[in-house]
Amino acid sequence: MRNTTRLTVAQALVRFLAQQWTERDGVEHRLIAGCLGIFGHGNVAGVGQALAEQGAGTHDPLPYYLARNEQAMVHTAVGYARQSDRLSTLACTSSIGPGATNMVTGAALATINRLPVLLLPGDLFATRVASPVLQELEDPRSYDVSVNDCLKPVSRFWDRINRPEQLPAALLAAMRVLTDPAETGAVTLALPQDVQAEAYDWPEELFARRVWRVARPVPETAALARAAELLRGSRRPLIVAGGGVKYSRACAELARFAGRHGVPVAETQAGKGALPYDHPCAVGAIGHTGTRAADTLAREADLVIGIGTRYSDFTTASRTLFRQAGFLNVNVAAFDAAKHAAETLVADAREALKALDDVDWRADPGWTSRAAELAAAWQAETDRFYGGTELTQPVVLGVLNEVAAGGVVVNAAGSMPGDLHRLWRASDPGQYHVEYGYSCMGYEIAGGLGVKLAAPEREVFVLVGDGSYLMMAQEIATAVQEGVKLVIVLVDNQGFASIGALSESVGALRLGTAYRKRGPGGRLDGERLPVDLAANAASLGADVLTAADPQTLRAALAKAVASPRTTVVYVETVPGPAPAAEAWWDVPVAEVSGLAEARAARERYDEAKRDQRPYL
Ligand SMILES: Cc1ncc(C[n+]2csc(CCOP(=O)(O)OP(=O)(O)O)c2C)c(N)n1
Ligand SMILES: [Mg+2]
């Protein structure tokens, strides 16, 4: 007879998760390093009870963290996973109903950014005897529908555990997807609240220590030969380095390949930091938020070598940037490799770069040196933006960049991602963490918490706009609870600077983009709101410092770095010079309008659209 252990489904789940490991390059990591959770009737007696039974402390096999909002919880898990190069992540347990649907945004963010998170929403009774239960959707077309179905399109694996017997296979499938670099994203196991508490005799081997080998697929020989042929035919190549380079830890190989073959390297938001900013081949950010150096080269390149990139519209300037180029794409996911009708190397970035390094070929030396000149000119431009005397946003970034050397900068939405992408100087791949796949307002503080949990040895600098802050500031309380120190730079410009500028450019008159009271004319253009964000941050338990000019900002940041406590540095910025877009972004403009501004915007739009290379 096989040995069995009698446990509830939730107890078995917790015991199983604590035994899962990843391994790559001979190093093992906990796959699920902990479990964030907010309890309600849908998970308290199941997963909650199971987490409590193991001891309920941070030294537990599966440490538990209380968060403040389920969406934020998933952001924290994503921050953790990204900072761990996808080798380790956190689980998130929620109740049924709103707790579960709060996780939908976080799940979409994880899946779009190709980052592993394990979501464990509670679900309706499998027996249905008590239906309709509190928070049940009750779809008249089918009793099988629950709000957790909303998590299906945003999950790379989704299952509902309606019977204990279904758990082992679902768990194995979930772990496989989490650890597969080509498939990873949000993984959801919906757990009916009765089933969570149900006992079953589990085979002992379910709880054995299990190591998931994170693959480094090597390029196919024939594909490599085709890639070599393309390289040898190229005189003006340009590498577009995406997040995949960092997750594969292929940065040293990238530096060597670029240096040996004289290839300029441009970076996407997720790929920024893949090369140190002062590497001779680094030309910085590419695309709509790119540097003049990278975007100029992109227009002239004859071959784009995309490595670990998903080619978002920001990267390609909505398919207007690469005018003469063919594509060679290195990606562990065939789906991404095939984009832009590319020649493909479906492989791990590090393995592919090692293999390509052997090709006897160099870019045109004139091209390589022109790239270096353009990059140097951009660095001089950055010095100019960083060196202002007023507290403009680029000046804030400049002061922070100086203080933050060695730390991690975290950001996600608003006008800062563009400025950061163009200006920020990262010396190692772990220093730049801008979530720009979903560009989700509210990711910053919650995500930064995950970054710090994953990299406690690093100083974590969360940059957050006033809009994002107002959407999701509450995880400051979680950071305080955990004694996890963040330096949060809160940049107040009284509203949505980014969308304000965009609104104006598309003839939408900045409607709804400034934080103002309703004015006498009935529009939101009245007095400034009496909202005190610094006091708000203090109320959540953070220390708060205020900066009024570059000197006091430098001093406040130094003080925040020296402190062991989570500190918010509150900065009101003034409008001023900021780097402009060097490349387009496709935001369709009203084709007919009574407003002269919108008609003019449409003319500009039609003009810009002519450069688009659509579809392929
Ligand atoms: C959840 C979410 N809602 C809406 C948007 C669209 N959006 C992008 S930036 C932005 C304004 C951000 O304001 P703030 O954080 O103050 O940054 P700023 O633009 O002022 O730099 C909005 C509404 C978004 N990215 N995410
Ligand atoms: Mg703002």
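Each chain carries its own residue numbering, running from 1 in the direction its sequence is written. Chains carry letters and ligands carry numbers; both start at the beginning, A for chains and 1 for ligands, and go up in the order they are written. The predicted nature of this model means local features are confined to residues of pLDDT at least 70 and side-chain atom pairs, given and counted, to a pLDDT of 80 or more, with totals for whole chains, interfaces and linings taken over all residues. The side-chain values count all of the structure's non-hydrogen atoms but skip hydrogen atoms and water molecules.

Student: Whenever I open this one, the pattern of salt bridges confuses me. Can you help?
Tutor: Pairing is possible between side chains of opposite charge, provided their charged atoms come close. Each reported salt bridge corresponds to a side-chain nitrogen of Lys or Arg within 4 Å of a carboxyl oxygen of Asp or Glu. As enumerated under the stated definition, the model contains 42 salt bridges in all. Arg 141 is paired through a salt bridge with Asp 139; the nearest N and O atoms lie 2.6 Å apart. The salt bridge partner of Glu 459 is Lys 485, with a shortest N-O separation of 2.7 Å. Of this pair, Glu 459 sits in the loop between α18 (443-454) and β20 (460-465) while Lys 485 sits in the loop between α20 (475-482) and β21 (487-492); the two residues are 26 residues apart in sequence, bridging distant segments of the chain. Taken together, the shared-partner salt bridges connect Arg 24, Asp 25, Arg 216, Glu 253, Asp 348 and Arg 350 into one network. A run of H or I in DSSP counts as a helix once it spans at least four residues, and a run of E counts as a strand once it spans at least two, with each numbered from the N terminus.

Student: What should I look at first to understand the sheet that holds strand β23 (residues 567-572) in this one?
Tutor: Strands belonging to one sheet form pairs held by backbone hydrogen bonds; the direction of such a pair is parallel or antiparallel. If you trace the six strands from one edge of the open sheet to the other, you get β19-β18-β20-β21-β23-β22, paired in parallel fashion. Only two strands of the sheet have a single partner each, and these edge strands are β19 (432-434) and β22 (543-547). Looking at each pair of strands side by side, their axes are set apart by 20° on average, direction ignored. Here three bridges tie strand β18 (residues 408-411) to β20, and the two strands are oriented parallel to one another. Bridge assignment links Val 408 to a residue of β20, and that residue is Val 460. Every residue pair with non-hydrogen atoms within 4.5 Å of one another is taken to be in contact. Fitting a line to C-alpha atoms yields each axis, with helices limited to the stretch in contact; the angle taken between N-to-C directions then spans 0 to 180 degrees. Most of the contacts of helix α17 (residues 416-423) go to β19, to which it runs at about 155°, and overall it touches β18, β19, β20 and β21. When DSSP locates at least two bridges between a pair of strands, those strands are taken to pair.

Student: Please clarify how helix α24 (residues 596-609) should be interpreted in this entry.
Tutor: Side chains that are three or four residues apart share a direction in an α-helix, a result of its 3.6 residues per turn. Given the number of residues in a helix, its expected span is that number minus one, multiplied by 1.5 Å. An ideal rise of 1.5 Å per residue puts 20 Å on 14 residues; α24 measures up with 20 Å between its terminal C-alpha atoms. Buried, partly exposed and exposed residues are distinguished by accessible area as a fraction of the type maximum, computed with a 1.4 Å probe on protein chains only: under 20%, between the cut-offs, and over 50%, respectively. For α24, the set of buried residues is Ala 598, Ala 601, Arg 602, Tyr 605 and Ala 608. One side of α24 carries all its buried residues, which in axial view fall inside an arc of 125°. The secondary structure elements touched by the buried residues of α24 are α21 (497-505). In this description, the arc belongs to the directions extending from the helix axis to the C-beta atoms.

Student: Explanation requested: the state of the cysteines in the structure shown.
Tutor: Disulfides are covalent bonds that link the sulfur atoms of two cysteine residues. Note on terminology: disulfide denotes any pair of cysteine sulfur atoms within 2.5 Å. Throughout the structure, instances matching the rule amount to zero disulfides. There is no disulfide at Cys 251, and the cysteine sulfur nearest it, in Cys 281, is 14 Å away.

Student: Please clarify how the pairing of strand β7 (residues 117-123) should be interpreted in this entry.
Tutor: Walk down a regular strand and you will see the side chains alternate between the two sheet faces. The buried fraction of β7 is high, at seven of seven residues. Taking every second residue as pointing to the same face, both faces of β7 are buried, with Val 117, Leu 119, Pro 121 and Asp 123 on one and Leu 118, Leu 120 and Gly 122 on the other. Pairing of strand β6 (residues 89-94) with β7, which is carried by four bridges, proceeds in the parallel orientation. When the sheet's bridge partners are listed, Ser 94 is paired in β7 with Pro 121. Across five bridges, the pairing between β7 and strand β9 (residues 186-192) is parallel.

Student: Just checking my understanding: could you explain the coordination of the magnesium ion (ligand 2) for this structure?
Tutor: Octahedral metals with six donors have ideal donor angles of 90 or 180 degrees. Tetrahedral metals with four donors have an ideal donor angle of 109.5 degrees. Only N, O and S atoms count as donors, using a 2.8 Å limit from the metal and a wider 3.2 Å limit for Na, K and Ca, and since water is excluded some coordination spheres may look unfilled. Coordination sphere of the magnesium ion (ligand 2), protein contribution only: Asp 466 (OD), Asn 493 (OD1) and Gly 495 (O), at 2.0 Å. All donors of the magnesium ion (ligand 2) belong to a single chain; written as a sequence motif, their spacing is D-x26-N-x1-G. The exposure class assigned to Asn 493 is partly exposed, which follows from its relative accessible area of 25%.

Student: In this structure, what is going on with the environment of Leu 545? I would like to understand it.
Tutor: Among the secondary structure elements, Leu 545 is positioned in strand β22. Under the relative-accessibility criterion, Leu 545 is labelled buried at 17%. Residues within four places of Leu 545 in sequence aside, it is in contact with Ala 556, Lys 559, Ala 560, Thr 567, Val 568, Val 569 and Tyr 570.

Student: How should I be thinking about the pairing of strand β2 (residues 20-24) in this particular structure?
Tutor: Most of β2 sits out of view: four of its five residues are buried. As paired strands, β2 and strand β11 (residues 210-213) are joined by four bridges and run parallel to one another. Each residue of the ladder has a partner; that of Gln 20, found in β11, is Arg 210. The sheet contact formed by β2 and strand β3 (residues 27-30) spans four bridges and is antiparallel. For Thr 22, the partnering residue across the bridge sits in β3 and is His 29. Between the antiparallel neighbours β2 and β3 lie two residues, among them Asp 25 with a positive phi of about 55°.

Student: In this structure, what is going on with the sheet that holds strand β14 (residues 282-285)? I would like to understand it.
Tutor: The six strands lie next to each other as β14-β13-β12-β15-β16-β17, forming an open sheet whose pairing is parallel. Two strands close off the open sheet at either side, each with one partner strand: β14 and β17 (343-346). Strand-to-strand, the axes of this sheet are offset by a mean angle of 20°, without reference to chain direction. Strand direction decides the pairing type here: strand β12 (residues 237-241) and strand β13 (residues 265-267), joined by three bridges, are parallel. When the bridges of β13 are listed, Ala 241 appears paired with Glu 267. Against the sheet, helix α11 (residues 292-300) engages β12, β13 and β14, with an angle of about 100° to β14.

Student: Explanation requested: the packing of aromatic side chains in the structure shown.
Tutor: Two descriptors summarise a pair of aromatic rings, namely the distance from one centre to the other and the angle between the planes of the rings. Note on aromatic contacts: the rings of Phe and Tyr and the six-membered ring of Trp form a pair at centre separations within 6.5 Å, being stacked when their planes are under 30 degrees apart, edge-to-face when over 60 apart, and tilted otherwise. All told, the structure shown has nine aromatic pairs when counted by the stated rule. Ring plane angle 55° and centroid distance 4.5 Å describe the contact between Phe 314 and Trp 585, whose orientation is recorded as tilted. In this pair, Phe 314 is assigned in helix α12 (residues 313-316) and Trp 585 in the loop between β23 and α24, connecting sequence segments 271 residues apart. Considering the side-chain rings of Phe 496 and Tyr 515, the 5.4 Å spacing of their centres and the 75° angle between planes classify their relative orientation as edge-to-face. Taken together, the residues Phe 496 in the loop between β21 and α21 and Tyr 515 in the loop between α21 and α22 (533-539) connect sequence positions 19 residues apart. Residue Phe 496 is classed as partly exposed on the basis of its relative accessible area of 26%. The partly exposed category is assigned to Tyr 515, whose relative accessible area is 22%. Among the aromatic residues, ring-to-ring pairing joins Tyr 311, Phe 322 and Phe 327 into one connected group. Whether a charge sits over a ring depends on NZ of Lys or CZ of Arg being within 6 Å of the ring centre and within 35 degrees of the ring normal. Its end group placed over the ring of Phe 207, Arg 15 keeps NZ or CZ at 5.5 Å from the ring centre. A cation sits over an aromatic face here: Lys 272 above Tyr 432, 5.4 Å from the ring centre.

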